Amino acid sequence: MAAANYLQVEDQFLCSICLDLFTDPVTIPCGHNFCKDCITEHWDISDRCQCPMCTKEFNTRPELHVNTFISEMVAQFRRSAQQKASSSSSEQQVFKPGEVPCDVCTETKLKALKSCLVCLTSYCETHLEPHLTASSLKRHQLIDPVENLEDRMCPKHDKPLELFCKTDQTCVCMLCTVLDHKMHDVVPLKEGYEGKKAVLDVQIQQMIQKRRQKIQEIKHSVDLSEKEADREIVEGVQVFTALMESAERGLNQLMDTVKEKQKTTEKQAEGFIKDLEQEISELKKRITLMERLSHSEDHLDLLQSFPSLKVAPQTKDWTNVSIRPSSYEGTVVRAVVQLEETFSKETMKLLEAELKRVQKYAVDVTLDADTAHPELILSDDGKQVSHGDVTKNLPDNKERFSYCNCVLGKQSFSSGRFYFEVQVKGKTEWDLGVARESINRKGDITLSPVDGFWIIWLTNGNEYEALDAPSVLLSLRSRPQKVGVFVDYEEGLVSFYDVDAAALIYSFTGCSFNGKIYPYFSPDCNYGGTNSAPLIISTPVKVLRLPKIKRIRGTKENVSCMTTASPYRPEIKMYHSGN
């Protein structure tokens, strides 16, 4: 009740013209009170001398005198209001960084409670009271405190932005609708906000839906990956179990063979020892007989018995009899060779299964004529490329290789897995692999992963190399007639296969592709017809059809090509101009 009475008293001390506390209050003849300056200015600009409250007219302008009673009451009210503001400010929160301060506070800035869109001012609890009590201020629109209220004013007409132009999708003032936005679809801010909010709600819901779908895709991918991992583990356990069992069988067979040979040797030795011991026993008997005869004085009997004392005919001549240790030479080697054959068979099975798996990612690749060196000859279907001896007059567009006798595929890849096959039969030199879109196509080219190439090649008719960093010389059991190229973009893997032998030739791992990559082909130079066979892109049984890609042609330039090795990095192939 005290607060209500206080507000009522405050309302009585407000000038109805300036809506603020009286300053030099005067009373005119009709009994209403005004600030002396306010009523004087009002009458100065008005053509009539009347009361702003009751509109009572006066024939002559009344003489104005300050109402001392009201003046003292207003002064007392001001002191009371200051004391109240001082005590309440200690209870209110002081403005902190990041909060909106009160624009009226002069000393200690308090935290704003509301902002007025009409006054473009933010108020603390104390300075907000007139907007809550004065009838003329109650019509002002209050919002939660915000900074930069001047941004809510039209910069052109200095009027509040109260409307939204749907035509130009911007906030406007009333004057804008008459001048700059005439005949436009203009609605109140609330309606514009609700329309925008509805559109945003739909967009957000669509984004949420897409992300939920993506979550399902990711979960599905994880499930597939888990199944793939389980399958790999099962197959790995089966293979390694078979290999370990084979190794164990080989070891057992080795041990059995060695033991059997040892038993044979021991048995033979036992027979010899038995015979020898028996003969020793017989010989001892004769020694005993000789001892007995030696004590006889009948020398005739001794001489007559002497022939029977000789060694019996059944005794052996042991001079050349011996036991040789069993020969184990080659036993371990034969066991290891047999184990190696088992390993090779299992490895072949694994490679065949792996090749079948990567062939599931086969794509239909065609050659991009806009990238081909002018000396290359491409078939009409874009599946074959060979080297010619004539430099064709072709546009030297930015995609074309001007010095390197190579060509890229039309299809680009920036995710996932893909596979393609190339027939290299009859060639003595060739390059195959993938390359980044950003590779250098003009001037000398270094074929290495650092420069955006993942390539293997055949040189000098029988030398196979993987142009890694550093280069790796490859030892192959047979000459590949058809090479398969498999890429796992996310895994950073590029693998090459001998398709006919189902053998892995080489794998680049940990590759950083950084953008689009393209299949890369080089039939190399003709070399007087010894390397005239074309590279032929084979069509696997199952391919993923890719959309056709359009190219923009550039300017013309005649160039020629020759191939050499870099004197600084002989393991890396470089291309130079023929000049």
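Please refer to the structure placed before this passage.
Residues numbered from 1 in each chain as written. Predicted model: local features only at pLDDT ≥ 70, side-chain atom pairs only at ≥ 80, totals over all residues. Heavy atoms only, no water.

Novice: Outline unusual backbone geometry, supporting the account with residue identities and numerical values.
Specialist: Cis geometry is found at the peptide bond from Ala469 to Pro470, where omega equals 5°. As for its position among the elements, Pro470 is in the loop between β17 (463-466) and β18 (472-474). The phi angle at Leu120 is positive, at roughly 55°, despite the residue not being glycine. By the secondary structure assignment, Leu120 is in the loop between β3 (114-116) and β4 (121-123). Exposure remark for Leu120: the relative accessible area of 23% places this residue in the partly exposed category. Its identity as a non-glycine residue notwithstanding, Asn460 has a phi of 55°, on the positive side. Tracing the backbone through its elements, the reader meets Asn460 in the loop between β16 (453-459) and β17. (Helix = DSSP H or I, 4+ residues; strand = E, 2+ residues; numbered from the N terminus. Buried < 20%, exposed > 50% of the residue type's maximum accessible area, 1.4 Å probe, protein only.)

Novice: Describe the sheet that holds strand β7 (residues 170-172), listing the residues and the values that go with them.
Specialist: Sheet architecture is open: three strands sit in the order β7-β6-β8, paired in antiparallel fashion. The open sheet has two free edges, formed respectively by β7 and β8 (186-188), since each of these has just one partner strand. Each strand axis lies, on average, 40° off the axis of its neighbour in the sheet, ignoring direction. Here strand β6 (residues 163-165) pairs with β8 via three bridges, running antiparallel. Within β8, the position partnered with Cys165 by the bridge is Val186. (Pairing = 2+ DSSP bridges. Axes fitted to C-alpha atoms, helices over the stretch in contact; angles between N-to-C directions.)

Novice: So what about the sheet that holds strand β23 (residues 535-538)? Which residues, and what values?
Specialist: Strand pairing in a sheet relies on backbone hydrogen bonds. The paired strands run either parallel or antiparallel. With antiparallel pairing, seven strands are arranged side by side in an open sheet as β9-β10-β23-β13-β19-β20-β21. In this open sheet, the two edge strands, each paired with only one partner strand, are β9 (376-378) and β21 (503-508). Each neighbouring strand pair of the sheet contributes to a mean axis angle of 20°, computed without reference to strand direction.

Novice: Explain the pairing of β17 residue by residue, including any values.
Specialist: As paired strands, β16 and β17 are joined by four bridges and run antiparallel to one another. Across the sheet, residue Ile456 finds its bridge partner in β17, namely Ala466. Pairing analysis gives three bridges linking β17 to β18, with the strands arranged antiparallel. The residue bridging Ala466 from the neighbouring strand is Val472, located in β18. Between β17 and the antiparallel strand that follows it, β18, lie five residues.

Novice: Describe the pattern of salt bridges, with residues and values.
Specialist: The full count for this structure, using the stated rule, is 17 salt bridges. With its nearest N and O atoms 3.1 Å apart, the salt bridge here joins Arg61 to Asp44. Here the residue Arg61 occupies a position in the loop between α2 (36-45) and α3 (68-91), and Asp44 occupies one in helix α2, the gap between them amounting to 17 residues. Between Glu235 and Arg357 there is a salt bridge, with the nearest N and O atoms lying 3.7 Å from each other. Within this pair, whereas Glu235 is found in helix α6 (residues 189-294), its partner Arg357 is found in helix α8 (residues 331-359), the two being separated by 122 residues in sequence. On the accessibility criterion, Glu235 (26% relative accessible area) is partly exposed. (Salt bridge = Lys/Arg side-chain N within 4 Å of Asp/Glu carboxyl O.)

Novice: Go over the pairing of β16, please, and point to the residues and values.
Specialist: Counted residue by residue, β16 has seven buried out of seven residues, so it is predominantly covered. Residues Phe453, Ile455, Trp457 and Thr459 point to one face of β16 and Trp454, Ile456 and Leu458 to the other, with burial holding for every one of them. Sheet topology note: the strand β14 (residues 430-436)/β16 ladder contains six bridges and is antiparallel. Of the residues in β16, the one forming a bridge with Val434 is Trp454. The antiparallel hairpin formed by β16 and β17 contains three residues in its connecting segment, where Asn460 sits at a positive phi of about 55°.

Novice: How would you explain the side chain of Ser402 if you had to name every residue and give the values?
Specialist: Tracing the backbone shows Ser402 in the loop between β11 (395-396) and β12 (407-408). At a separation of 2.9 Å, a polar atom in the side chain of Ser402 contacts the side chain of Asp396. (Polar contact = N/O pair within 3.5 Å; in protein donor to acceptor, adjacent residues only side chain to side chain.)

Novice: Account for the nonpolar core, naming residues and giving values.
Specialist: With 36 residues, the main nonpolar core has Trp430, Val494, Phe508 and Phe521 as its most contacted residues. Within the second largest apolar cluster, 21 residues are counted, among which are Phe22, Cys49, Phe58 and Phe77. (Core = buried A, V, L, I, M, F, W, Y, C linked by side-chain atoms within 4.5 Å.)

Novice: Lay out the side chain of Ser115 in plain terms, naming residues and giving numbers.
Specialist: When you line up the elements, Ser115 lands in strand β3. Given the relative accessible area of 0%, Ser115 is considered buried. Looking at Ser115, its side chain comes within polar contact range of the main-chain nitrogen of Val146, at 3.1 Å. The residues contacting Ser115, other than those within four sequence positions of it, are Thr121, Ser122, Gln141, Leu142, Ile143, Asp144, Pro145, Val146 and Leu149. (Contact = heavy atoms within 4.5 Å.)

Novice: How would you explain α2 if you had to name every residue and give the values?
Specialist: Three or more residues of α2 are buried, namely Cys38, Ile39 and Trp43. Relative to the axis of α2, the buried residues are bounded by an arc of 125° and lie together on one face. Across from the buried face of α2, at angles greater than 90 degrees, the exposed residues are Asp37, Glu41 and Ile45. Tucked inside the fold, the buried residues of α2 contact β1 (25-27) and β2 (33-35). (Arc of directions from axis to C-beta.)

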